[in-house]
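Now for the letters of each chain:
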2 protein chains.
Amino acid sequence: MNIAQKTLNYVKSITAQTISAAGSGHTGSSIGASSIMLALFKDHYNFDISDTDFLNRDRFVLSAGHMAPLYYTMLSLFGFEVSLQDLKELRQFGSKTPGLPEQGVTDGVEATTGLLGQGIANAVGMAIAQNMMAERFNSVGFPIINNYTYCLAGDGCMQEGVAMEACSLAGSLNLKKLILLYDNNDVTVDGNLNLSNRENVAAKFKAMGWKVITVKKGNDYKACSNAIGKAKRANGPVLVIFKTTIGIGTEKEGTSAIHRSPLTSEQIKVFNEKLGVHEAFYVPNDVRDWCMASARRGRLSHETWNQELAVYSNSNPELYRQFLQFFDRKHFSVEKFEKNASKWDGLSGRDMNKLIFDEFADKLPQIVGGTADVSTGTKFAIENGGNFLAGNKRGRNIHFGVREHAMAAICNGIALYEDYIPVCGTYLAFSNFMLPAIRMAAMMKLSVIYVFTHDSLLVGKDGPTHQPVEQLGQLRSIIGLNVFRPCDARELLAAYHVANNRREPMAICLARQEMKVCENASYKDAINGGYIIKSAADADVVIYASGSEVALALEVAAELKGHKVSVVSMPCIELFEKQAPSYKAKVLQKNAKVRVAIEASNDNVWYRYLGDDGIFVGVNDYGKSGDGEIVYQKAGFNVKEIAKKILKSL
Amino acid sequence: MNIAQKTLNYVKSITAQTISAAGSGHTGSSIGASSIMLALFKDHYNFDISDTDFLNRDRFVLSAGHMAPLYYTMLSLFGFEVSLQDLKELRQFGSKTPGLPEQGVTDGVEATTGLLGQGIANAVGMAIAQNMMAERFNSVGFPIINNYTYCLAGDGCMQEGVAMEACSLAGSLNLKKLILLYDNNDVTVDGNLNLSNRENVAAKFKAMGWKVITVKKGNDYKACSNAIGKAKRANGPVLVIFKTTIGIGTEKEGTSAIHRSPLTSEQIKVFNEKLGVHEAFYVPNDVRDWCMASARRGRLSHETWNQELAVYSNSNPELYRQFLQFFDRKHFSVEKFEKNASKWDGLSGRDMNKLIFDEFADKLPQIVGGTADVSTGTKFAIENGGNFLAGNKRGRNIHFGVREHAMAAICNGIALYEDYIPVCGTYLAFSNFMLPAIRMAAMMKLSVIYVFTHDSLLVGKDGPTHQPVEQLGQLRSIIGLNVFRPCDARELLAAYHVANNRREPMAICLARQEMKVCENASYKDAINGGYIIKSAADADVVIYASGSEVALALEVAAELKGHKVSVVSMPCIELFEKQAPSYKAKVLQKNAKVRVAIEASNDNVWYRYLGDDGIFVGVNDYGKSGDGEIVYQKAGFNVKEIAKKILKSL
């Protein structure tokens, strides 16, 4: 047996053993795709185990996250910080080898995956980031950014809409150095793929502008390696379809019965016998050496790259300076804009954002992004940024098309590639198309900014489908996402300050309509998430509000003549909740006789502050189509009506 | 000018006038697609304005909802209850002509649309429902169910993942009588389509198993009509691509500038001049007559169908009996199962659901559905229902593939077709892929049931991506959706009772793990949404909980020996909130010294009941990969720890 075959056998055996030790996990594809992964790691994947974060490394995303056991075996064999002991602890609490790959937990893992399809979109994002950097910084003779992005997906990933959206965009943009490895075993959890999918994937991808390579012997290491080699020479995105047999070599190979079932110890014995493996959790020296040769190749390649970069820095001093500063955030501070904030008073939320975002994007070249075909509606684009297109990879404005979900998942990929600040936008009502990807951004602590305009019933005429109600609550429910709904430009500046300073995603929710001026709105205080915008000593009434409703709350306070009314602006509840208890108590003024929250949403979060007898002026039904102001008023957002309610409670 | 051309001109003119009167709306495609719509309504669409709900009518979904003005013009001209006055009131509060089509508001409108892509998936659902009924009830010589499903989509719709998922499934299932009309004007809101999409749509659809017809002269009525006629003769799903010019005949035709802009009164004048229209909001008699001939054709076709049905009822008495009973819900009552509920005690949530759902599905033939490739995980399928496949349209189990979003949107279409009860399932953590479609089900009050298993951190080893935290709150935030999280089989029976009796969607959230027995769990009380499951007079402590946490709450109560502890099971907060204030007060027992809510979620809804000093034992971070029980305990779901917290507060 040659060393490649021997190694492949050990990969299969060890992987099956880890799953059996864990008592759960996806045996089928972990074994079935082992030749693809071995070919990739051994012959193509460029990594440096001594510096796994170096910029020009290849990126790899395991979109079919359930193949994690195979992934961990590869990482272990090729020298990443994953020991045999770690493999034994697969899926155990606190181990380095969680059930699905988690970025930040396991050395070498580039993205948290497991939600099928998302990983493909992440890879598309990485390729966009790579293509953009290459275009911007490579110079003749110095391809300093020339890494590949690989993604391994299964039959399930290829059915997900988010993946199809992303692949459609990748083809339209003719992304280079993007290679999608498709483990096509024709079996899914519930049975044969043809129960739910009989499409011609190759023809479909060709129609989307991809080059397609089909490998009939997908369980053959050499065939896999040759195909990947061929894919690397293409001049656009490539799909490599590997025809494989799920769970190859096990009793139930080729059937869905092996998809999620660990082998029993008896089955492991038989399987090992077949593979010529006679030890448990053991890697023979020749196998280890053969793999580590690739790790050394990667180390060397990184060193060469460092040398090239040194020469590049001499020949291209200005480019090199820009390159070094590209990801620098500190040299931009939002604060200085504060004193001129009055020039933005009275604008609509989307208009003030346009102007403020321009300042931000102008200073930070790592900001890239776009909208899901609503740039004219959100009024959000990078002025003079140019369009990122197949023929202009230097452009900073990405036209995502009407593909909200992929837009968010692609932005995750851009942020994962390196420390970009991807910004993407659409109407708030459509944010729920993006939730799975936003959740992943929060889980991975990625600096993605979402600009959501049209943030309330005041959208009006487009009716209930376009009027957000639940969306604020749904976004706020995502752990680790900051949701900012500013009442004016000062608070919006605070949002950008926070976004630029915290490694967490941020959703900025903005009004479509003009914003009334809120006296005492404060940049500095807004950074705390909530603050008293109109104070009254020993208040009888305290009103909490966000966004457009802050002005309304101030009007209500004015209407309640003769009463001591305090108003709290609460642009970001997540940040407010992080403040010291004493600060929170001071702001919340729970001793007031009546506590009121006003927000054009149905978010129960306000009940945190209202006690048993508080009043939540929110939305409890879908809006109607009609003039925005009428819809808003009819829903109860009306000074007199609210004042009356409060007086009744006093 | 022939009458077809004259009518087309009036359609364009009136449509443009309505948008200008409204002051907003999408002029471009409303004018650009007018020939397609006229061809459809005049020559093909089978409807009966005297009985717009008759079963065998053709279905039409305007997926490109922003063409609503054109749609309303057609409905008006062809005799639906949309007057010229209604057209003048486009987008006005309370009018019959909202900004985007709303089912239930406008006569003839089959689905609420406006979220791009969703309508395509709705149409696929309608075609599934139609194909299934045809297979079940048609007999030789009696094609009593033979209607078509038409859907009009634009370039935006065709980019959405939900649409691509649905189309992939439609091709795989070779759905008959499904015709997707694609208004391909190559212009989207932000500019030319090629900014974001350069794929070959025809080739892509062929790869997905569709027949494709391309109409080069998409603005020509006759060419459009011929193509639709050809599409009707196909033996599977058909995409008709109409190459059109957006805003044809206006100054800005062919550009994105006309996409959303109303024409000014001056522009209307010029446009009318060109069209030979000299009146405002006026329909000449010959135009009206020409259109109404089609309405009469539809009326006649319905009468013929009624006669055929009468003959069918004689020749096929048994089939006819089944046909009449097919949508009957009353003959099935859940209650009788209650007394035997103990046989389900101790099972896992998904296992008890399997058995109960079987009873339900066995009695109600209108139940159809499936999962997004997790039938083995959710343990949910219709026993002996057979698979719905290209070759077996009688099957009741639909293998949606890993296409969660389309699954939900397709179920909306099945429910819209007629009074089916579509049931679909996946893991709770994936529910947020489906939210946009669930929201539409709630808005349209459709009887869709979602079965979400793996409903908490106890999922364990698959880690944070698969452990739901925010999902309960996100679902509960959807207005009009009932979210049921039962603690045992009795409560689960209540969920099915409610689902069968209310025309609202229902999400049932179920544990993967075995459920402890909860003494006093009650079917009858659960129908109220919340009830005292363990009572204590003048309780010191009241604990609210749902699902698996009810058993935990009961254990905590037992641990708090010497204190008067009452426990409230709250399987469905939406239903509970609808109860009388006195009932709610009695159950909530707000006088208790300490109020506690326990739920493995971060849903702020519990703060409604907790007052200022209550304790919410919830989840405030993503879970870890590891044994479910360990993950659960570490997150604080631990009898001793909770009891200690409560004692501290007492």
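Calculation criteria
Residues numbered from 1 in each chain as written. Chains lettered and ligands numbered in written order. Predicted model: local features only at pLDDT ≥ 70, side-chain atom pairs only at ≥ 80, totals over all residues. Heavy atoms only, no water. Helix = DSSP H or I, 4+ residues; strand = E, 2+ residues; numbered from the N terminus. Rg over C-alpha atoms; globule rule 2.2 N^0.38 Å. Buried < 20%, exposed > 50% of the residue type's maximum accessible area, 1.4 Å probe, protein only. Contact = heavy atoms within 4.5 Å. Areas by Shrake-Rupley, 256 points an atom, 1.4 Å probe, with all protein chains shown as cover. Lys, Arg positive; Asp, Glu negative; His and termini not counted. Charge placed at Lys NZ, Arg CZ, Asp CG, Glu CD. Buried area = accessible area lost by both parts, 1.4 Å probe. Salt bridge = Lys/Arg side-chain N within 4 Å of Asp/Glu carboxyl O. Polar contact = N/O pair within 3.5 Å; in protein donor to acceptor, adjacent residues only side chain to side chain. pLDDT = per-residue confidence, 0-100. Pairing = 2+ DSSP bridges. Least-squares fit on C-alpha atoms with pLDDT ≥ 70 in both. Axes fitted to C-alpha atoms, helices over the stretch in contact; angles between N-to-C directions. Parallel < 35°, antiparallel > 145°, perpendicular 65-115°, else oblique. Left-handed = near helix turned anticlockwise from the far one by under 90°. Nonpolar A, V, L, I, M, F, W, Y, C, P; charged D, E, K, R; others polar. Phe/Tyr/Trp six-rings, centres within 6.5 Å; stacked < 30°, edge-to-face > 60°. Lys NZ or Arg CZ within 6 Å of the ring centre and 35° of its normal. Arc of directions from axis to C-beta.

S.K.: Run through the overall build of chain A, naming residues and quoting values.
M.R.: Helices and strands together make up the secondary structure of chain A, namely 25 helices and 19 strands. Relative to a compact globule of 650 residues, whose C-alpha radius of gyration would be 26 Å, chain A shows 27 Å and is just as compact. Taking all 650 residues of chain A together, the buried fraction comes to 68%. Put simply, 78% of the contacts in chain A that link residues at least 6 apart link residues at least 24 apart. About 20,700 Å² of surface is accessible on chain A, with carbon and sulfur atoms providing 48% of the total. Put simply, chain A has 71 plus and 67 minus side-chain charges, and the middle of one group is 2 Å from the middle of the other.

S.K.: Just give me the short version of the interface of chain B and chain A, but keep the residues and values in it.
M.R.: Taken together, the contact between chain B and chain A spans 101 residues of the former and 101 residues of the latter. Surface buried jointly by chain B and chain A totals about 8,300 Å² across both partners, of which 53% is contributed by carbon and sulfur atoms. For chain B, the biggest contributors to the area lost against chain A are Phe93, Arg439 and Ile479 of chain B; these three give 10% of the whole. The tally of links between chain B and chain A comes to eight salt bridges. Between Asp612 of chain B and Arg595 of chain A there is a salt bridge whose closest N-O contact spans 2.5 Å. The interface formed by chain B and chain A contains 61 residue pairs in polar contact (both at pLDDT 80 or more).

S.K.: Account for the side chain of Asp183 of chain B, naming residues and giving values.
M.R.: Residues and elements named next belong to chain B. One can find Asp183 in strand S3 (residues 178–184). One buried charged residue, Asp183, remains without a salt bridge, the closest side chain of opposite sign being Lys243 at 10 Å. Non-local contacts of Asp183, meaning those with residues more than four positions away in its chain, are made with Ser29, Gly32, Ala33, Ile36, Met67, Leu152, Ala153, Gly154, Asp155, Phe242 and Thr244.

S.K.: Describe the confidence of the model for chain A, listing the residues and the values that go with them.
M.R.: Per-residue confidence for chain A gives a mean pLDDT of 96, with 100% of residues at or over 70. The complex prediction reports pTM at 0.98, with the ipTM value standing at 0.98.

S.K.: Outline the pairing of strand S6 (residues 211–215) of chain B, listing residues and values.
M.R.: Across five bridges, the pairing between S6 of chain B and strand S7 (residues 238–243) of chain B is parallel. Each residue of the ladder has a partner; that of Val212 of chain B, found in S7 of chain B, is Leu239 of chain B.

S.K.: Tell me about the relation of the copies chain B and chain A, and name the residues and values.
M.R.: The transformation that overlays chain B on chain A combines an axial shift of 0.0 Å with a rotation of 180°, and the residual RMSD is 0.0 Å. With respect to symmetry, the two chain copies, as superposed, fit the operation of a two-fold axis. For chain B, the minimum C-alpha distance to the rotation axis belongs to Gly161 of chain B and amounts to 1.9 Å. A shared binding surface is used by both copies, with 100% of the interface residues of chain B retained as interface residues in chain A.

S.K.: Describe the environment of Pro262 of chain A, naming the residues involved and giving the relevant values.
M.R.: All names here are of chain A. Note that Pro262 resides in the loop between strand S7 (238–243) and helix H10 (265–275). Taking C-alpha positions, Pro262 is 7.1 Å from His26, a pair spaced 236 residues apart along the chain. Excluding anything up to four places from it in sequence, Pro262 contacts Ile19, Ser20, Gly23, Ser24, Gly25, Thr27 and Gln267.

S.K.: Can you lay out the packing of helix H6 (residues 118–137) of chain A against helix H7 (residues 161–172) of chain A for me, pointing to particular residues and giving the numbers?
M.R.: Residue and element names in this part refer to chain A. Their axes nearest at 7 Å, the elements H6 and H7 cross at an angle of 25°. Our classification of the angle between H6 and H7 gives roughly parallel. The element H6 and its partner H7 pack so that their crossing is left-handed. Facing Gln118, Ile120, Ala121 and Val124 of H6, the residues of H7 in contact are Val162, Ala163, Ala166, Cys167 and Ala170. For the contact of H6 with H7, the residue count by class is eight nonpolar, one polar and no charged.

S.K.: Pulling in residues and values, what's your account of the packing of aromatic side chains?
M.R.: The full count for this structure, using the stated rule, is 70 aromatic pairs over all chains. Taken together, a centroid distance of 6.0 Å and an interplanar angle of 85° make the contact between Phe576 of chain B and Tyr609 of chain B edge-to-face. Highlighted residues: Phe576 of chain B in helix H21 (residues 573–577) and Tyr609 of chain B in helix H23 (residues 607–610), separated in sequence by 33 residues. In this structure Phe576 of chain B comes out as buried when scored by relative accessible area, which is 0%. Residue class for Tyr609 of chain B comes out buried when judged on its relative accessible area of 2%. Members of the aromatic cluster, connected to one another through ring pairs, are Phe137, Phe142, Tyr312, Tyr320, Phe323, Phe326, Phe327 and Tyr420 of chain A. Lys232 of chain A extends its terminal NZ or CZ atom over the ring of Tyr148 of chain A, reaching a point 5.7 Å from the ring centre.

S.K.: How would you sum up helix H22 (residues 581–588) of chain A? Please name residues and give values.
M.R.: Residues and elements named next belong to chain A. All of the buried residues in H22 are Tyr583, Lys584, Val587 and Leu588. Seen end-on, H22 carries its buried residues on one side only, within an arc spanning 120°. Facing away from the buried side of H22, by more than 90 degrees, are the exposed residues Pro581, Ser582 and Lys586. Close packing links the buried residues of H22 with helix H19 (523–526), strand S15 (531–534), strand S16 (541–545), strand S17 (565–569), helix H21 (573–577) and helix H23 (607–610). One or two steps after H22, the chain reaches Gln589, where phi turns positive at roughly 50°.

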